[in-house]
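# Structural characterization, general
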Amino acid sequence: MAAICSLYIINKSGGLIYYKDYGSGGRMDTNDSLRVASLWHSMHAISQQLSPTTGCYGIELLEADTFDLHCFQSLTGTKFFVVCEPGTQQMESLLKVIYELYTDYVLKNPFYEMEMPIRCELFDINLSQVVQKDRVVLLGR
Amino acid sequence: MAPADPRSGDAIFANVERVNAELFTLTYGATVRQLLTDLEEVEEVNKQLDQMGYNIGIRLIDEFLAKSNVARCVDFKETAEMIAKVGFKMFLGVTATVTNWDANDTCCSIMLEDNPLVDFVELPDTCQGLYYCNILSGVIRGALEMVSMKTEVTWLRDVLRGDDAYEMQVKLLKQVPEEYPYKDDE
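Residues numbered from 1 in each chain as written. Chains lettered and ligands numbered in written order. Predicted model: local features only at pLDDT ≥ 70, side-chain atom pairs only at ≥ 80, totals over all residues. Heavy atoms only, no water.

### Remarks on the overall build of chain B
Rules: Helix and strand labels come from DSSP, where a helix needs a run of H or I of at least four residues and a strand needs a run of E of at least two; each type is numbered from the N terminus. Atoms considered for the radius of gyration are the C-alpha atoms alone. The globule rule reads 2.2 Å times the number of residues to the power 0.38. To sort residues, take the accessible area from a 1.4 Å probe on protein chains only and compare it with the maximum for the residue type: under 20% means buried, over 50% means exposed, and anything in between is partly exposed. Shrake-Rupley sampling with a 1.4 Å probe provides the accessible areas, and residues are treated as covered by the protein chains on show and by no other component.
Across its full length, chain B holds five helices and four strands. Taken from the N to the C terminus, the helices and strands of chain B come in the order α-α-α-α-β-β-α-β-β. For 186 residues, the compact-globule estimate of 2.2 N^0.38 gives 16 Å, and the C-alpha radius of gyration of chain B, at 17 Å, lies within 12% of that figure. Once the C-alpha set of chain B is aligned to its principal axes, its extents read approximately 55 × 45 × 30 Å. Taking all 186 residues of chain B together, the buried fraction comes to 45%. Roughly 10200 Å² of accessible area belongs to chain B as shown, and the carbon and sulfur atoms make up 52% of that amount.

### Thoughts on the side chain of Thr103 of chain A
Basically, it comes down to this: Here a polar contact means two N or O atoms within 3.5 Å. Within protein one must be a hydrogen donor candidate and the other an acceptor candidate, and residues neighboring in sequence count only if both atoms are side-chain atoms.
Residue placement: Thr103 of chain A occurs in helix H2 (residues 91–107). Within the local environment of Thr103 of chain A, its side chain forms a polar contact with the backbone oxygen of Glu100 of chain A, the two atoms lying 2.7 Å apart.

### Comments concerning the sheet that holds strand E5 (residues 79–84) of chain A
Residues and elements named next belong to chain A. The following threshold applies: Two strands are counted as paired when DSSP detects at least two bridges linking them. Fitted lines through C-alpha atoms give the axes, limited to the stretch in contact for helices. The angle between two N-to-C directions lies from 0 to 180 degrees. Should any heavy atoms of two residues lie within 4.5 Å, those residues are considered in contact.
The five strands lie next to each other as E2-E1-E5-E4-E3, forming an open sheet whose pairing is antiparallel. Only two strands of the sheet have a single neighbouring strand rather than two, namely strand E2 (16–21) and strand E3 (61–63). The sheet shows a mean angle of 10 degrees between the axes of neighbouring strands, direction not considered. One ladder, built from three bridges, connects E3 with strand E4 (residues 68–73); its direction is antiparallel. Across the sheet, the residue bridging to Glu63 is Asp68, located in E4. Helix-sheet contacts for helix H3 (residues 121–131) involve strand E1 (4–10) and E2, and the interaxial angle to E2 is about 45 degrees.

### A few points about helix H4 (residues 76–92) of chain B
All names here are of chain B. What counts is decided by this rule: The angle separating two fitted axes, one through the seven residues that finish at a residue and one through the seven that start at it, defines the bend at that residue.
Considering bend angle alone, the principal kink of H4 is centred on Ile83 and spans about 35 degrees. Counting buried positions along H4 yields 12 of 17 residues, so the element is predominantly enclosed. Considered for burial, the residues of H4 that qualify are Phe76, Thr79, Ala80, Met82, Ile83, Ala84, Val86, Gly87, Phe88, Lys89, Met90 and Leu92. Immediately beyond the C-terminal end of H4, within one or two residues, lies Gly93, with a positive phi of roughly 75 degrees.

### Quick notes on the interface of chain B and chain A
Here is the rule we go by: Using a 1.4 Å probe, buried area is obtained as the accessible area two parts lose upon being combined, added over both of them. A pair is scored as a salt bridge if a Lys or Arg side-chain nitrogen falls within 4 Å of a carboxyl oxygen belonging to Asp or Glu.
Facing the 17 residues of chain B at the interface are 25 residues of chain A. Buried area between chain B and chain A, both sides added, is near 1900 Å², and the carbon and sulfur share of it is 55%. Here chain B is connected to chain A by two salt bridges. Applying the counting criterion to the chain B and chain A interface returns 10 residue pairs in polar contact (both at pLDDT 80 or more). Looking at the side of chain B that touches chain A element by element, the count peaks at eight residues for helix H3 (residues 42–68) of chain B.

### Observations regarding the confidence of the model for chain B
Condition: Per-residue confidence from the predictor is given as pLDDT, running between 0 and 100.
Overall, the prediction assigns chain B a mean pLDDT of 90, with 93% of residues at 70 or greater. Across the interfaces of the predicted complex, the ipTM metric reaches 0.86, alongside a pTM of 0.89.

### Overview of the sheet that holds strand E1 (residues 96–99) of chain B
Residue and element names in this part refer to chain B. Strand order in the open sheet formed by four strands is E1-E2-E4-E3, and the pairing between neighbours is antiparallel. Each edge of the sheet is formed by a strand with only one pairing partner; in this case those strands are E1 and strand E3 (149–157). For this sheet, the mean inter-axis angle between neighbouring strands, taken without regard to orientation, is 25 degrees. As defined by bridge partners, E1 adjoins strand E2 (residues 107–112) across four bridges and the pair is classed as antiparallel. Among the inter-strand pairings, Thr99 is bridged to a residue of E2, identified as Ser109. Set on the sheet, helix H5 (residues 134–146) makes contact with E2, E3 and strand E4 (166–175); between it and E3 the angle comes to about 160 degrees.

### Some points on the pattern of salt bridges
This model, assessed by the stated rule, comprises 14 salt bridges over all chains. In this structure, the salt-bridge partner of Lys108 of chain A is Asp104 of chain A, at a minimum N-O distance of 3.0 Å. Owing to a relative accessible area of 23%, Asp104 of chain A belongs among the partly exposed residues under this scheme. The residue Glu44 of chain B makes a salt bridge to Lys47 of chain B at a minimum N-O spacing of 3.4 Å. With a gap of three residues between them, Glu44 of chain B and Lys47 of chain B both fall in helix H3, about one helical turn apart. By relative accessible area, Glu44 of chain B is classed as partly exposed at 35%. Within this structure, Asp104 and Lys108 of chain A together with Glu63 and Lys67 of chain B form a network of salt bridges that share partners.

### Digging into the packing of H4 of chain B against H5 of chain B
Residues and elements named next belong to chain B. Selection rule: Each angle receives one of four descriptions, namely roughly parallel if under 35 degrees, roughly antiparallel if over 145, roughly perpendicular if within 65 to 115, and oblique otherwise. A crossing counts as left-handed when the near helix is turned anticlockwise from the far one by less than a right angle, and as right-handed when that turn is clockwise. As a working rule, the residues Ala, Val, Leu, Ile, Met, Phe, Trp, Tyr, Cys and Pro are called nonpolar, Asp, Glu, Lys and Arg charged, and the rest polar, with Gly in that last group.
With their axes 12 Å apart at the nearest point, H4 and H5 run at an angle of 125 degrees to one another. Viewed along their axes, H4 and H5 adopt a mutual orientation that is oblique. As H4 packs across H5, the resulting crossing turns out to be right-handed. When H4 is examined against H5, the residues Phe76, Thr79, Ile83, Phe88 and Leu92 are found in contact with a partner set consisting of Leu136, Ile140 and Leu144. Of the residues in the contact of H4 with H5, the class split is seven nonpolar, one polar and no charged.

Given below as C-alpha coordinates:
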(Lines give C-alpha, C1' and ligand atoms only; values in the text may rest on other atoms or scores of the structure.)
Protein backbone atom coordinates (compact mmCIF):
# COMPACT_ATOMS: atom_id res chain seq x y z
CA MET A 1 0.00 0.00 0.00
CA ALA A 2 1.52 3.24 -1.10
CA ALA A 3 1.62 6.04 1.41
CA ILE A 4 1.52 8.62 -1.36
CA CYS A 5 -1.69 8.70 -3.39
CA SER A 6 -0.92 11.31 -6.00
CA LEU A 7 1.35 14.14 -7.03
CA TYR A 8 0.35 17.34 -8.79
CA ILE A 9 2.42 20.16 -10.26
CA ILE A 10 0.63 23.35 -11.24
CA ASN A 11 2.11 26.32 -13.05
CA LYS A 12 1.85 29.87 -11.82
CA SER A 13 -1.45 30.48 -13.59
CA GLY A 14 -3.11 27.45 -12.04
CA GLY A 15 -2.87 25.03 -14.94
CA LEU A 16 -2.08 21.42 -14.17
CA ILE A 17 1.21 20.54 -15.83
CA TYR A 18 1.88 17.20 -14.17
CA TYR A 19 -0.28 14.60 -12.49
CA LYS A 20 0.64 11.16 -11.33
CA ASP A 21 -1.22 8.76 -9.08
CA TYR A 22 0.28 5.99 -7.03
CA GLY A 23 -1.65 3.04 -5.72
CA SER A 24 -5.33 2.39 -6.12
CA GLY A 25 -6.90 4.89 -3.73
CA GLY A 26 -8.23 8.15 -5.08
CA ARG A 27 -7.50 7.54 -8.73
CA MET A 28 -8.96 10.26 -10.88
CA ASP A 29 -9.62 10.85 -14.52
CA THR A 30 -8.07 13.74 -16.37
CA ASN A 31 -10.97 16.11 -15.91
CA ASP A 32 -11.13 15.56 -12.18
CA SER A 33 -7.41 16.05 -11.72
CA LEU A 34 -7.58 19.32 -13.67
CA ARG A 35 -10.46 20.38 -11.47
CA VAL A 36 -8.58 19.56 -8.27
CA ALA A 37 -5.55 21.49 -9.51
CA SER A 38 -7.41 24.68 -10.33
CA LEU A 39 -9.47 24.41 -7.18
CA TRP A 40 -6.33 24.07 -5.08
CA HIS A 41 -4.74 26.98 -6.90
CA SER A 42 -7.69 29.20 -6.01
CA MET A 43 -7.95 28.01 -2.43
CA HIS A 44 -4.25 28.53 -1.95
CA ALA A 45 -4.60 32.09 -3.21
CA ILE A 46 -7.65 32.78 -1.05
CA SER A 47 -5.93 31.40 2.03
CA GLN A 48 -3.20 34.00 1.65
CA GLN A 49 -5.84 36.71 1.72
CA LEU A 50 -7.80 35.24 4.60
CA SER A 51 -4.81 34.70 6.83
CA PRO A 52 -4.96 36.89 9.92
CA THR A 53 -1.17 37.21 9.94
CA THR A 54 0.86 39.12 7.41
CA GLY A 55 3.46 37.38 5.34
CA CYS A 56 1.37 34.28 4.76
CA TYR A 57 2.20 32.44 1.59
CA GLY A 58 -0.70 30.04 1.45
CA ILE A 59 -1.72 26.63 2.77
CA GLU A 60 1.14 24.22 3.31
CA LEU A 61 -0.75 21.34 4.84
CA LEU A 62 -4.37 20.31 4.66
CA GLU A 63 -5.34 17.53 7.06
CA ALA A 64 -8.50 15.57 6.42
CA ASP A 65 -9.88 12.39 7.96
CA THR A 66 -8.76 10.22 5.10
CA PHE A 67 -5.81 12.05 3.58
CA ASP A 68 -3.19 14.75 4.07
CA LEU A 69 -2.34 17.24 1.38
CA HIS A 70 1.13 18.79 1.52
CA CYS A 71 1.84 21.76 -0.71
CA PHE A 72 5.08 23.50 -1.59
CA GLN A 73 5.15 26.67 -3.63
CA SER A 74 8.41 27.81 -5.13
CA LEU A 75 9.25 31.51 -5.15
CA THR A 76 8.59 31.52 -8.88
CA GLY A 77 4.98 30.46 -8.28
CA THR A 78 5.02 26.82 -9.33
CA LYS A 79 3.13 24.65 -6.85
CA PHE A 80 3.91 21.04 -6.04
CA PHE A 81 1.50 19.06 -3.91
CA VAL A 82 1.11 15.49 -2.80
CA VAL A 83 -1.96 13.75 -1.45
CA CYS A 84 -0.96 11.04 0.99
CA GLU A 85 -2.22 8.88 3.83
CA PRO A 86 -2.84 10.78 7.06
CA GLY A 87 0.31 11.21 9.11
CA THR A 88 2.80 10.37 6.37
CA GLN A 89 6.16 11.85 7.35
CA GLN A 90 8.92 13.54 5.37
CA MET A 91 6.59 15.05 2.79
CA GLU A 92 8.17 18.52 2.94
CA SER A 93 11.57 17.14 2.08
CA LEU A 94 10.07 14.94 -0.60
CA LEU A 95 8.49 17.99 -2.22
CA LYS A 96 11.83 19.81 -2.07
CA VAL A 97 13.50 16.89 -3.81
CA ILE A 98 10.78 16.83 -6.44
CA TYR A 99 11.39 20.54 -7.00
CA GLU A 100 15.07 19.80 -7.59
CA LEU A 101 14.19 17.02 -10.01
CA TYR A 102 11.90 19.45 -11.81
CA THR A 103 14.72 21.97 -12.21
CA ASP A 104 17.12 19.28 -13.38
CA TYR A 105 15.04 17.14 -15.70
CA VAL A 106 12.26 19.45 -16.83
CA LEU A 107 13.62 22.99 -16.95
CA LYS A 108 17.01 21.93 -18.29
CA ASN A 109 15.43 19.97 -21.10
CA PRO A 110 15.76 22.40 -24.01
CA PHE A 111 12.67 20.97 -25.66
CA TYR A 112 10.42 21.57 -22.67
CA GLU A 113 8.24 24.63 -23.15
CA MET A 114 7.82 26.67 -20.00
CA GLU A 115 4.39 26.47 -18.33
CA MET A 116 3.32 23.58 -20.56
CA PRO A 117 2.45 20.02 -19.48
CA ILE A 118 5.52 18.01 -18.52
CA ARG A 119 6.30 15.09 -20.76
CA CYS A 120 9.86 14.26 -19.86
CA GLU A 121 10.82 10.63 -19.50
CA LEU A 122 13.91 11.37 -17.42
CA PHE A 123 11.76 13.24 -14.95
CA ASP A 124 9.35 10.30 -14.73
CA ILE A 125 12.15 7.83 -14.13
CA ASN A 126 13.89 9.85 -11.45
CA LEU A 127 10.62 10.75 -9.81
CA SER A 128 9.48 7.16 -9.47
CA GLN A 129 12.81 6.28 -7.87
CA VAL A 130 12.39 9.04 -5.32
CA VAL A 131 8.80 8.23 -4.52
CA GLN A 132 9.44 4.57 -3.74
CA LYS A 133 8.37 4.49 -0.17
CA ASP A 134 11.46 3.05 1.45
CA ARG A 135 13.66 5.68 -0.14
CA VAL A 136 11.73 8.64 1.16
CA VAL A 137 13.40 8.23 4.53
CA LEU A 138 16.84 8.53 2.98
CA LEU A 139 16.20 11.96 1.59
CA GLY A 140 17.01 14.02 4.64
CA ARG A 141 20.10 15.55 3.04
CA MET B 1 9.76 20.51 9.98
CA ALA B 2 12.06 23.51 9.92
CA PRO B 3 13.08 24.67 6.47
CA ALA B 4 16.52 23.57 5.36
CA ASP B 5 19.32 26.02 6.03
CA PRO B 6 20.48 28.20 3.16
CA ARG B 7 23.59 26.85 1.53
CA SER B 8 26.59 28.87 0.53
CA GLY B 9 27.58 29.32 -3.10
CA ASP B 10 30.78 27.39 -2.41
CA ALA B 11 28.94 24.41 -0.99
CA ILE B 12 26.60 24.17 -3.96
CA PHE B 13 29.41 24.70 -6.44
CA ALA B 14 31.30 21.83 -4.83
CA ASN B 15 28.30 19.53 -5.19
CA VAL B 16 27.13 20.08 -8.74
CA GLU B 17 28.56 18.38 -11.78
CA ARG B 18 30.99 20.60 -13.58
CA VAL B 19 32.54 20.66 -17.02
CA ASN B 20 36.04 21.56 -18.01
CA ALA B 21 36.43 25.34 -17.90
CA GLU B 22 38.09 25.46 -21.29
CA LEU B 23 35.31 23.50 -22.91
CA PHE B 24 32.85 25.99 -21.45
CA THR B 25 34.83 29.05 -22.50
CA LEU B 26 35.47 27.76 -26.00
CA THR B 27 31.86 26.68 -26.48
CA TYR B 28 30.68 30.14 -25.56
CA GLY B 29 33.30 31.63 -27.89
CA ALA B 30 32.14 29.45 -30.75
CA THR B 31 28.54 30.49 -30.09
CA VAL B 32 29.36 34.18 -30.22
CA ARG B 33 31.47 33.68 -33.32
CA GLN B 34 28.62 31.85 -35.06
CA LEU B 35 26.16 34.58 -34.12
CA LEU B 36 28.48 37.16 -35.65
CA THR B 37 28.60 35.15 -38.85
CA ASP B 38 24.86 34.61 -38.95
CA LEU B 39 23.63 38.04 -37.91
CA GLU B 40 26.50 40.16 -39.29
CA GLU B 41 25.55 43.23 -37.26
CA VAL B 42 27.28 43.55 -33.88
CA GLU B 43 24.19 45.27 -32.47
CA GLU B 44 22.04 42.29 -33.44
CA VAL B 45 24.50 39.92 -31.78
CA ASN B 46 24.29 41.93 -28.56
CA LYS B 47 20.51 41.64 -28.70
CA GLN B 48 20.59 37.94 -29.44
CA LEU B 49 23.03 37.20 -26.61
CA ASP B 50 20.79 39.12 -24.24
CA GLN B 51 17.75 37.14 -25.42
CA MET B 52 19.62 33.85 -25.04
CA GLY B 53 20.62 34.85 -21.54
CA TYR B 54 17.03 35.77 -20.73
CA ASN B 55 15.84 32.35 -21.89
CA ILE B 56 18.44 30.72 -19.67
CA GLY B 57 17.62 32.97 -16.72
CA ILE B 58 13.91 32.19 -16.62
CA ARG B 59 14.74 28.50 -16.16
CA LEU B 60 17.88 28.79 -14.11
CA ILE B 61 16.22 30.77 -11.33
CA ASP B 62 14.33 27.67 -10.20
CA GLU B 63 17.52 25.66 -9.97
CA PHE B 64 19.07 28.45 -7.98
CA LEU B 65 16.16 28.50 -5.55
CA ALA B 66 15.89 24.72 -5.31
CA LYS B 67 19.55 24.10 -4.62
CA SER B 68 20.45 27.11 -2.50
CA ASN B 69 17.47 26.90 -0.10
CA VAL B 70 17.52 30.67 0.19
CA ALA B 71 14.46 32.28 1.66
CA ARG B 72 12.53 35.15 0.15
CA CYS B 73 14.68 38.29 0.03
CA VAL B 74 13.28 41.20 2.00
CA ASP B 75 14.44 43.88 -0.41
CA PHE B 76 16.29 44.49 -3.65
CA LYS B 77 19.50 45.04 -1.74
CA GLU B 78 19.45 41.54 -0.38
CA THR B 79 18.55 40.21 -3.83
CA ALA B 80 21.60 41.82 -5.40
CA GLU B 81 23.87 40.43 -2.69
CA MET B 82 22.35 37.01 -3.21
CA ILE B 83 23.07 37.11 -6.93
CA ALA B 84 26.63 38.23 -6.38
CA LYS B 85 27.55 35.97 -3.49
CA VAL B 86 25.55 32.82 -4.14
CA GLY B 87 24.39 32.95 -7.77
CA PHE B 88 27.69 33.73 -9.46
CA LYS B 89 29.54 31.32 -7.22
CA MET B 90 27.10 28.52 -7.80
CA PHE B 91 26.94 28.73 -11.58
CA LEU B 92 30.27 30.25 -12.63
CA GLY B 93 32.51 29.54 -9.66
CA VAL B 94 33.42 33.20 -9.25
CA THR B 95 32.40 35.81 -6.74
CA ALA B 96 31.08 39.21 -7.54
CA THR B 97 30.71 42.31 -5.42
CA VAL B 98 27.85 44.75 -5.25
CA THR B 99 28.66 48.46 -5.14
CA ASN B 100 27.48 51.91 -6.21
CA TRP B 101 24.00 51.87 -4.72
CA ASP B 102 21.87 54.85 -5.62
CA ALA B 103 19.94 56.77 -2.98
CA ASN B 104 16.72 54.76 -3.43
CA ASP B 105 18.40 51.37 -3.32
CA THR B 106 16.98 50.50 -6.71
CA CYS B 107 20.12 50.62 -8.80
CA CYS B 108 23.51 49.06 -8.18
CA SER B 109 26.59 47.72 -9.87
CA ILE B 110 27.73 44.12 -9.87
CA MET B 111 31.48 43.87 -10.33
CA LEU B 112 33.06 40.68 -11.54
CA GLU B 113 36.58 40.09 -10.31
CA ASP B 114 37.11 37.11 -12.50
CA ASN B 115 35.20 36.34 -15.67
CA PRO B 116 35.58 32.81 -17.02
CA LEU B 117 33.86 33.67 -20.31
CA VAL B 118 36.71 35.80 -21.59
CA ASP B 119 39.79 33.74 -20.82
CA PHE B 120 41.17 33.68 -24.37
CA VAL B 121 39.31 36.58 -25.92
CA GLU B 122 40.63 39.67 -27.65
CA LEU B 123 38.08 41.80 -29.47
CA PRO B 124 39.11 42.61 -33.06
CA ASP B 125 38.64 46.13 -34.43
CA THR B 126 35.57 45.02 -36.36
CA CYS B 127 33.71 44.05 -33.20
CA GLN B 128 34.35 47.04 -31.01
CA GLY B 129 30.66 47.53 -30.26
CA LEU B 130 30.22 43.96 -29.08
CA TYR B 131 29.23 43.25 -25.52
CA TYR B 132 30.86 39.86 -25.44
CA CYS B 133 29.36 38.84 -22.10
CA ASN B 134 25.88 40.16 -22.81
CA ILE B 135 24.50 36.72 -22.05
CA LEU B 136 25.20 37.30 -18.35
CA SER B 137 23.11 40.43 -18.17
CA GLY B 138 20.29 38.59 -19.93
CA VAL B 139 20.45 35.77 -17.40
CA ILE B 140 20.08 38.20 -14.50
CA ARG B 141 17.19 40.01 -16.17
CA GLY B 142 15.37 36.75 -16.93
CA ALA B 143 15.93 35.26 -13.50
CA LEU B 144 14.71 38.36 -11.66
CA GLU B 145 11.66 38.63 -13.87
CA MET B 146 10.52 35.21 -12.67
CA VAL B 147 10.55 36.45 -9.09
CA SER B 148 8.47 39.50 -10.03
CA MET B 149 11.23 42.05 -10.51
CA LYS B 150 11.45 43.90 -13.77
CA THR B 151 15.02 45.02 -14.23
CA GLU B 152 17.30 46.57 -16.79
CA VAL B 153 20.84 45.23 -16.86
CA THR B 154 23.57 47.01 -18.79
CA TRP B 155 27.33 46.77 -19.00
CA LEU B 156 29.14 49.82 -17.70
CA ARG B 157 32.68 48.56 -17.92
CA ASP B 158 34.20 45.71 -19.87
CA VAL B 159 37.88 44.78 -19.85
CA LEU B 160 37.61 43.59 -23.44
CA ARG B 161 36.68 47.13 -24.43
CA GLY B 162 39.61 48.66 -22.62
CA ASP B 163 38.14 49.29 -19.18
CA ASP B 164 39.77 48.15 -15.99
CA ALA B 165 36.97 45.92 -14.68
CA TYR B 166 33.73 44.12 -15.47
CA GLU B 167 30.82 46.11 -14.17
CA MET B 168 27.15 45.49 -14.77
CA GLN B 169 24.48 47.93 -13.74
CA VAL B 170 21.27 46.39 -12.44
CA LYS B 171 18.38 48.78 -12.26
CA LEU B 172 15.08 47.78 -10.66
CA LEU B 173 12.30 49.17 -12.85
CA LYS B 174 9.32 47.86 -10.97
CA GLN B 175 8.30 45.14 -8.60
CA VAL B 176 5.19 43.35 -9.77
CA PRO B 177 3.02 42.48 -6.79
CA GLU B 178 2.26 38.80 -6.42
CA GLU B 179 -1.00 39.22 -4.57
CA TYR B 180 -4.37 38.37 -5.95
CA PRO B 181 -6.48 39.64 -7.47
CA TYR B 182 -4.44 40.68 -10.43
CA LYS B 183 -7.02 43.42 -11.12
CA ASP B 184 -7.53 42.20 -14.65
CA ASP B 185 -10.75 44.18 -15.00
CA GLU B 186 -8.92 47.48 -14.92
